[in-house]
Amino acid sequence: MDYQATSNLLPLLQKGTLETLLMVGIAAPGCAISGLFLGLLLTATQPQGVAPSRVFYQALSAFTNISRSVPFLILIVLLLPVTRLLVGTSIGTWAAIVPLVLGGMPYAARLAEAALLEVEPGLIQAVVVMGASAPEILLKVYLPEALSGLLRAFTVLSITMINFSAMAGAVGGGGLGDLAIRYGYQRFRIDVLAGTVLILIVLVQVIQFGGNYFAKRFYRR
Amino acid sequence: MRKATSVSQFQVFEDEGAETPAATLSAPDIQTSRPFAISLRGLSKSYRDGMGIHHALDGVNLSLEKGAIHGILGASGAGKTTLLRCLLRLERADAGEVLIEGCNWNTLSDMQLRRERHRVGVIFQHLHLLASRTAAENISLPLEIAGIRKRDREARVAELLEWFGISDKGSEYPAKLSGGQRQRVALARALATAPAILLADEPTSALDTETKLSVLNVLRRIRDEFGVTVLIITHDLQAAEYVCDTLSILSSGRIVESGPTAEVIDSPQTDEARRLFAPSSSPEERSAKASLRGDL
Ligand SMILES: Nc1ncnc2c1ncn2[C@@H]1O[C@H](COP(=O)(O)OP(=O)(O)OP(=O)(O)O)[C@@H](O)[C@H]1O
Ligand SMILES: [Mg+2]
C-alpha cells in the first residue's frame, strides 16, 4: 500500500507520455514511409496497374496478408531475435519500436494502397497516353492526387500505432498503455488509470484534428 | 508541300493546298505518296463473355487523311471505346495494324511508344484533369513528360492559355473552373506537345447545345490554326454532322460506311447507317439540324 503512494501521479504520467510519444513518433513515420513505398508497388503491379506483374503482386500481397494476420503480441515475441540484432537489446522503448514498425508496415501498405486506388483509372489512362513512364505516373499523378487520402490514412495509422504501443509493455517498452496496466489495473491506482485514459483521449483528438486539417488543406476536388 | 508554322519552339505542320480530305474504307497502299494521319488495317479485338467470343472489333479498315476533321459514329456497343483503346495501344489488338502518321505502333517498343505518344493529343469525355494541379500545371504535364525545359514549358503554357482565352485562369485549380473553362484546359493540355493528331472521345456528350457548339467551333479553329488532324469518336450524329469533314460508321465492330459527311448522311448505303440516322428524322430534329447548319 505505502510504496504505491510514493510513485507520484504526475512524474509517472509524464514518463509514460514521453515514452508513448517516442514510440509513436518514430514508428508512425517509419511505417508511413515504408508502407507508402510498398503501397506504390502494390498499386503499380496489380493487374490493372501501370506496371502489372502477377508474380510480384501476389507475393507482396501474400506477405502483407500473412504478416497482418499475426497478432501483434505474438509478432513482438517472434521478432525478438531481429530486435536484438537491430538495437542490441530486446528490452525497452527502443526495442518496442522495432516490432511496431515491422508490424505496422504491412498495415500501412494496405492503407496507402487503398488511398492510391482512389485515383480514377481514367486519369491514369489520360497520363499514359501522354507518354508517361510508370515511375512518372506514380510520382506525378498517384502521389499528388492521393495526397489528401494518404494524409487521412497516416492519421488512422498514427492512432493505431498508439494502440499498438500499449502492448509494448510486454517487452518493457513502457508508455501509457503499460502504465495503465501496471499501476492502474494491477495496483488499483484509479488516478493513474484515469490520467492515462485522459491523456490518450487528448492525444488521439489532437492527431485526428491535425490529420483532418492537413487532409482538407490538400483536398482539391 | 508542307509549310512549317513556328509556334515558339514547336513546329506545327500544315498541308498547303490540301485536296478535299478523304476517309477511305480500303487499306492504304504503302507506296502511296499521300501518307495518312491514321491508318487502321484489319484491326480486330474479341472478348470472351458468358456466351462465347464477342468480336468487339471485327477487321476495321480505315484511312484518315491529314488535316481534316474525321468522325467515327457508332451506336452504343458498336465498339467505339474498344477502337479508341486499341488505336492508342492502351490495349493490344488481337490482329491488325495501327499506323499513326505512317508509323506502325504495333511494332514499337514501350520506350519508342512513349516517345511517339507525344504526336497524338487526346481529349477524353470526362477530361481527366489533375485536381492537384492548377490549370497551367495541367497543361505543363505533357511537356514535363516530354522532357521540355522549364523555361520553354512556361512559354508554351502561357501561349496556349492565351490562345484559349483563359490567361487569367492559369493559377486556378480545375475544381474552381467552369465546365467550359475546364474543357479548354483539357484541349490546351492535349495540344501542348504540338501533336499532329488530336483525338476526341465523345467531346460533346453531356453538354448543353450552346457549350456543344462552342466546343465544336474550337475544334474547327484548332484544325485551321494548328493544322492538326482531328478524329472525333462519338455517338452524337448532330455533332458529327456539324463539324466533321468525313464520317465513318462503326457498327458491330466494323466500319460499314465511310466518306464525306454530307454524302454518308444524305445517301446511306447500308441498313446499319440508315438505322443510325433514323431516330433523327423527326421534323423537330430536322429543323434543329437545319438551324445548326445555319450557324456555320
Ligand atoms: N473488357 C471487355 N470485356 C468484355 N467485353 C467487352 C470489354 N470491352 C468491351 N466489351 C464488349 O465489346 C462491345 C463493344 O464495346 P465498346 O465499349 O467498345 O462499345 P462503345 O461503342 O464504346 O459503346 P458505348 O457508346 O456504350 O460506350 C460491347 O458489346 C462490350 O460488351
Ligand atoms: Mg464507349
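Once a new chain begins, its residue numbering starts again from 1 and follows that chain's sequence as written. Here every chain gets a letter starting at A, and every ligand a number starting at 1, in the order they are written. Whole-chain, interface and lining totals are the exception, using all residues; otherwise, since this is a predicted model, local features are given only for residues with pLDDT of at least 70 and side-chain atom pairs are given and counted only at 80 or more. Heavy atoms from the whole structure form the basis of all side-chain values; hydrogens and water molecules are not counted.

Visitor: With reference to specific residues and values, describe the overall build of chain A.
Guide: Within chain A one finds 10 helices and 0 strands. Put simply, DSSP H or I for four residues or longer makes a helix, DSSP E for two residues or longer makes a strand, and each gets a number counted from the N terminus. Mapped in sequence order, the helices and strands of chain A form the string α-α-α-α-α-α-α-α-α-α. Relative accessible area decides the class of each residue, using a 1.4 Å probe on protein chains only: under 20% of the type maximum gives buried, over 50% gives exposed, and in between gives partly exposed. Buried residues in chain A amount to 46% of all 221 residues. Here the analysis covers contacts within chain A between residues at least 6 apart in sequence; of these, 75% occur between residues at least 24 apart. Split by element, the accessible area of chain A, about 11,400 Å² in all, is 70% carbon and sulfur. In this tally Asp and Glu are treated as negative and Lys and Arg as positive; neither His nor the chain ends contributes. Think of each charge as sitting on NZ of Lys, CZ of Arg, CG of Asp or CD of Glu. In chain A, which carries 14 positive and 9 negative side-chain charges, the distance between the mean positions of the two groups comes to 1 Å. The contact criterion used throughout is that any non-hydrogen atoms of two residues lie within 4.5 Å. Where accessible areas are quoted, they stem from the Shrake-Rupley method and a 1.4 Å probe; at the residue level, only the protein chains shown are allowed to cover.

Visitor: Go over the environment of Ala239(B) with me, naming the residues and quoting the values.
Guide: Residues and elements named next belong to chain B. Mapping alanine 239 onto the fold places it in helix 7 (residues 237-243). For alanine 239, a relative accessible area of 4% gives the class buried. The sequence separation of alanine 239 and glutamate 137 amounts to 102 residues, and the corresponding C-alpha distance is 30 Å. Dropping the residues within four chain positions of it, alanine 239 is found in contact with Thr204 and Leu216.

Visitor: Describe the interface of chain B and chain A, naming the residues involved and giving the relevant values.
Guide: Between chain B and chain A, the residue contacts involve 22 residues of the former and 19 residues of the latter. Note on definitions: buried area is the accessible-area loss of two parts on being combined, 1.4 Å probe, summed for both. Both sides together, the interface formed by chain B and chain A hides about 1,900 Å², and carbon and sulfur atoms give 65% of it. Just to be clear on terms, a salt bridge is a Lys or Arg side-chain nitrogen sitting within 4 Å of an Asp or Glu carboxyl oxygen. Linking chain B with chain A are 1 salt bridge. Between Lys140(A) and Glu144(B) there is a salt bridge; the shortest N-O distance is 2.8 Å.

Visitor: Before we move on, could you go through the pairing of strand 10 (residues 197-201) of chain B and cite the residues and values that matter?
Guide: Residue and element names in this part refer to chain B. Judged by how many residues are buried, strand 10 sits mostly within the fold: 5 of 5 residues are covered. Pairing of strand 9 (residues 120-123) with strand 10, which is carried by 4 bridges, proceeds in the parallel orientation. For valine 120, the partnering residue across the bridge sits in strand 10 and is isoleucine 197. Any two strands with at least two DSSP bridges between them are considered paired. The pairing of strand 10 with strand 11 (residues 229-234) spans 5 bridges and is classified as parallel. Opposite isoleucine 197, over in strand 11, you have threonine 229 as the bridge partner. Where the polypeptide runs from strand 10 across helix 6 (residues 209-226) and back to strand 11, its parallel neighbour, the crossover connection is right-handed. Here a crossover is taken to be right-handed if, once the strands point away from the viewer, the path from the first strand over the helix to the second is traced clockwise.

Visitor: Please give an account of the side chain of Arg156(B) that cites residues and values.
Guide: All names here are of chain B. Note on placement: arginine 156 falls in helix 4 (residues 150-163). Of the residues examined, arginine 156 reaches a relative accessible area of 1% and is grouped as buried. Polar contacts involving the side chain of arginine 156 include one to the side chain of glutamate 159, which spans 3.2 Å. Under the rule applied, a polar contact is a pair of N or O atoms within 3.5 Å (in protein, one hydrogen donor and one hydrogen acceptor; residues adjacent in sequence only if both atoms are side-chain atoms).

Visitor: Go over the site of ligand 1 with me, naming the residues and quoting the values.
Guide: Residue and element names in this part refer to chain B. Neighbouring ligand 1 are the residues Tyr47, His54, Ala56, Ala75, Ser76, Gly77, Ala78, Gly79, Lys80, Thr81 and Thr82. Here threonine 81 contributes a side-chain N or O atom positioned 2.7 Å from an oxygen atom of ligand 1. Coverage of ligand 1 by the protein amounts to 59% of the 630 Å² it exposes when considered alone. Elements supplying a minimum of two residues to the shell around ligand 1: strand 5 (52-64) and helix 1 (80-87). Sorting elements by how many residues they give to the shell around ligand 1 places helix 1 first, with 3 residues. Each residue is assigned to one of three groups, with Ala, Val, Leu, Ile, Met, Phe, Trp, Tyr, Cys and Pro labelled nonpolar, Asp, Glu, Lys and Arg labelled charged, and all others, Gly among them, labelled polar. Among the residues making up the shell around ligand 1, the classes are represented as 4 nonpolar, 6 polar and 1 charged. By convention in this text, a residue qualifies as near a molecule or strand provided that one of its non-hydrogen atoms is within 4 Å of it.

Visitor: Quick one: what's the story with the nonpolar core, residue by residue and with numbers?
Guide: Judged by nonpolar contacts, the single largest core of 46 residues is most densely connected at Phe164(B), Leu198(B) and Ile222(B). One finds Ala126(A), Leu84(B), Trp105(B) and Val122(B) within the second-largest nonpolar core, a separate group that totals 32 residues. Only buried residues count toward a nonpolar core, which is a set of Ala, Val, Leu, Ile, Met, Phe, Trp, Tyr and Cys residues joined through side-chain atoms within 4.5 Å.

Visitor: Lay out the packing of aromatic side chains in plain terms, naming residues and giving numbers.
Guide: Any pair of Phe, Tyr and Trp rings, taking the six-membered ring for Trp, is counted once the centres come within 6.5 Å. Such a pair is stacked with planes under 30 degrees apart, edge-to-face with planes over 60 apart, and tilted for the rest. Taken as a whole and assessed by the stated rule, the structure comprises 4 aromatic pairs over all chains. Centroid distance Phe72(A) to Phe164(A): 4.7 Å. Interplanar angle 25°. Geometry classified as stacked. Here Phe72(A), found in helix 4 (residues 72-78), pairs with Phe164(A), found in helix 8 (residues 134-165); they are 92 residues apart in sequence, far enough to count as distant. Arranged with centres 5.2 Å apart and planes meeting at 80°, the rings of Tyr213(A) and Phe214(A) form a pair that is edge-to-face. Given a relative accessible area of 46%, Tyr213(A) falls into the partly exposed group. Taking relative accessible area as the criterion, Phe214(A) reaches 43% and is therefore assigned partly exposed. Above the ring of Trp163(B), the side-chain terminus of Arg221(B) is found at 4.2 Å from the ring centroid. As a reminder, the over-ring test applies to NZ of lysine and CZ of arginine, requiring each to be within 6 Å of the ring centre and within 35 degrees of the ring normal.

Visitor: Lay out the packing of helix 8 of chain A against helix 10 (residues 190-217) of chain A in plain terms, naming residues and giving numbers.
Guide: Packed helices, taken two at a time, are described by their axes: the angle between them and the distance between them. All names here are of chain A. At a minimum axis separation of 8 Å, helix 8 and helix 10 run at an interaxial angle of 170°. Classified by the angle their axes make, helix 8 and helix 10 are roughly antiparallel. Listed contacts from helix 10 to Ser148, Leu151, Arg152, Thr155, Ser158, Ile159 and Ile162 of helix 8 are Leu200, Leu203, Val204, Ile207, Gln208, Gly211, Asn212, Phe214, Ala215 and Lys216. In terms of residue class, the contact of helix 8 with helix 10 is made up of 9 nonpolar, 6 polar and 2 charged. Angular values range over 0 to 180 degrees, each being the angle between N-to-C directions of two axes fitted as lines to C-alpha atoms, with helices fitted over their stretch in contact. Angles are sorted into four bins: roughly parallel if under 35 degrees, roughly antiparallel if over 145, roughly perpendicular if 65 to 115, and oblique for all others.

The quantities given are spatial measurements derived from coordinates; they are silent on function.
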